Amino acid sequence: MDVAVIGAGPAGLEAALAAAEAGARVALIDAYLRPGGQYWRQLPAEFDGPPLHESSALLARLAATEARLLTGTLVWGAFPVEGGWQLTLHGPNAPHRLPAQTLILATGAYDRPIALPGWTVPGVITTGAAQTLLKSQRVLPGRRILLSGTGPLQLAAAAQLVEAGAEVVAVLEGAALAVGRGLRHLPALAGQSARLAEGWRYWRALRRAGVPLRFGWSVIKIEGDSEVEAAVIAQIDDDWRPIPGSERTVAADTVLLGYGFTPATQLSRLLGCEHDFAPAHGGLVPRRDDIFQTTCPGVFAVGDGAGLGGVELARSEGRIAGAAAAQQVGRLTAAETAAAIAREQAALAREQRFAAMLGALFTPGPGLYELATDDTIICRCEEVRLAEIRAAVAGGAATVSEVKGVTRCGMGNCQGRICGELVARAIARELGGPASLTERMIAAGTFSVRPPLEPLSLSVLADAAEK
Ligand SMILES: Cc1cc2nc3c(=O)[nH]c(=O)nc-3n(C[C@H](O)[C@H](O)[C@H](O)COP(=O)(O)OP(=O)(O)OC[C@H]3O[C@@H](n4cnc5c(N)ncnc54)[C@H](O)[C@@H]3O)c2cc1C
């Protein structure tokens, strides 16, 4: 293969198209059964639903190229080899290994976890997961649903739940969105009329259904044992710390927590690309140049997996990286590539401004992470509580790897994808010191990434070794 694109969401689809239409031999791989990623999530083929969105046009263009589409296929490892890279795959119609001269990582993002008391009670799920249930299975996550989080997904998900017949108790947006502060960001709204209209539609749907929308409020505790019974909510200050006296209890059977996303950087870290910690872009992100090539030559990273930016930024980055990869494998000239990149610059700048605005307005403050008590589980897979992490730090552990060695946190099915940042924060807070919290989190490090990236049976690994 000339180009292997991992992730068939908006970024990966555009990247694959740009490279394939330039004549490159392309493989587009996605773990989900159908292409489209999070935003263009399709119903399973058996549901026989109508084509939902503009991804149909992109997929039709892709079908007209020689590109090979491998869905239901997990990329579980990636290794440098002579002349490029080797991917290891697991899927019904996939080869065990796929060599490629260049890689485009378009792996998207996943919900950012917040460990507040009660977050592991059955009936608490993330807003993204609830939306995925709705989009991919037409299933409601509960009956009386409370949403708490930050960012535009809150409105979208709440409106979609109402439309699907759920009772939404309230939507709590952590950001206070004071008018004065919002005005500073007005220029970032230029050229975003479609998004504003979409937001307005959701807003009106919620008003019509009588759903209360509170700014500067958050869930601070969830009550229930075998299922959610109620949630304690509170008004929060600028640092997202509860304002004493504002607490009240709300009955609900389901709580959706939606505090933003974390870029999925497992592959870029496995490949050894350098990363930076950028909270406004979602956390750890691969370092990239202006054609979105990482510090590993021939490896590009685009879309939400390289820093949160939304659908249109993901698409624009994908088109640029696809053209740049096609040039690297000799399918486009330098002049053709430069022209393709130049065509994207206006959209790219517009979407980067918008993404920066979202990052500035909707990044949770430190108070939210201070809600966990000693008894709160931080690593769900291994059921490690905050008290055990604090004890490990008191005993001399200063990095996430050292805490892992003492407590087993990060050793479960998710391999630290969920708890990694929470553990780094807990260490940084516990150690204290003159450096900023972010600097202390960077010093605490990350869990190391190893193949297989997701749990696989031994027979799959044995097969991969033999063939
Ligand atoms: C849960 C969720 C809900 C969202 N809801 C909205 C919304 O309502 N409105 C809105 O405007 N934006 C929404 N967004 C944001 C929007 O979906 C993203 O900005 C956009 O989809 C980014 O596109 P992408 O191509 O970068 O990533 P994605 O669309 O996330 O696609 C990434 C793809 O990579 C695949 N993948 C990852 N790792 C591997 C691997 N190792 N092997 C094989 N495949 C892999 C995944 O299966 C996935 O299909 C949501 C995001 C998430 C995560």
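> Tell me about the site of the ligand, and name the residues and values.
Contacts to the ligand come from 27 residues, most closely from Ala-11, Asp-30, Gln-38, Gln-131 and Asp-304. The backbone of Gln-38 places a nitrogen or oxygen atom 2.9 Å from an oxygen atom of the ligand. Gln-131 has a polar side-chain atom sitting 2.7 Å from an oxygen atom of the ligand. Computed on the free molecule, the ligand has an accessible area of 980 Å², of which 88% lies beneath the protein chains in the complex. Elements with a contribution of two residues or more to the shell around the ligand: α1 (10-21), β4 (74-81), α3 (127-137), α4 (153-163) and α8 (311-328).

> Tell me about the packing of aromatic side chains, residues and numbers included.
A complete count under the given rule lists 2 aromatic pairs for this structure. Relative to Trp-40, the ring of Tyr-39 has its centre 6.2 Å away and its plane inclined at 55 degrees; by these criteria the two rings are tilted. In this structure Tyr-39 comes out as partly exposed when scored by relative accessible area, which is 38%. Given a relative accessible area of 1%, Trp-40 falls into the buried group. Ring centres 6.4 Å apart and planes at 65 degrees place the aromatic pair Trp-240 and Tyr-259 in the edge-to-face group. You can see Trp-240 sitting in the loop between β14 (228-235) and β15 (248-251) and its partner Tyr-259 sitting in the loop between β16 (254-258) and β17 (261-263), a full 19 residues away along the chain.

> Explain the pattern of salt bridges residue by residue, including any values.
In the structure shown here, the tally under the stated rule is 21 salt bridges. A salt bridge links Arg-315 to Glu-14, with the nearest nitrogen and oxygen atoms 2.8 Å apart. Here Arg-315, found in helix α8, pairs with Glu-14, found in helix α1; they are 301 residues apart in sequence, far enough to count as distant. Assessed through its relative accessible area of 4%, Glu-14 is described here as buried. Close ionic contact of Arg-288 with Glu-317 constitutes a salt bridge, the shortest N to O distance being 2.9 Å. Of the two residues, Arg-288 is situated in the loop between β19 (283-286) and β20 (299-301) and Glu-317 in helix α8; the sequence distance between them amounts to 29 residues. One network of salt bridges, in which partners are shared, links Glu-14, Glu-312, Arg-315, Arg-319 and Glu-344.

> I'd like a description of the nonpolar core, backed by residues and values.
Ranked by internal contacts, the top residues of the largest apolar core, which has 57 residues, are Leu-146, Val-219, Ile-222, Ile-378, Val-403 and Val-423. A per-element tally of this core places helix α12 (residues 420-431) first, with 6 residues. Every residue in contact with Val-423, bar those within four places of it in the chain, is listed here: Ile-378, Ile-389, Val-400, Val-403, Cys-409 and Phe-447. One finds Ala-11, Leu-313, Ala-324 and Ile-341 within the second-largest nonpolar core, a separate group that totals 34 residues.

The rules behind each value
- Residues numbered from 1 in each chain as written.
- Predicted model: local features only at pLDDT ≥ 70, side-chain atom pairs only at ≥ 80, totals over all residues.
- Heavy atoms only, no water.
- Near = heavy atom within 4 Å.
- Polar contact = N/O pair within 3.5 Å; in protein donor to acceptor, adjacent residues only side chain to side chain.
- Areas by Shrake-Rupley, 256 points an atom, 1.4 Å probe, with all protein chains shown as cover.
- Helix = DSSP H or I, 4+ residues; strand = E, 2+ residues; numbered from the N terminus.
- Phe/Tyr/Trp six-rings, centres within 6.5 Å; stacked < 30°, edge-to-face > 60°.
- Buried < 20%, exposed > 50% of the residue type's maximum accessible area, 1.4 Å probe, protein only.
- Salt bridge = Lys/Arg side-chain N within 4 Å of Asp/Glu carboxyl O.
- Core = buried A, V, L, I, M, F, W, Y, C linked by side-chain atoms within 4.5 Å.
- Contact = heavy atoms within 4.5 Å.

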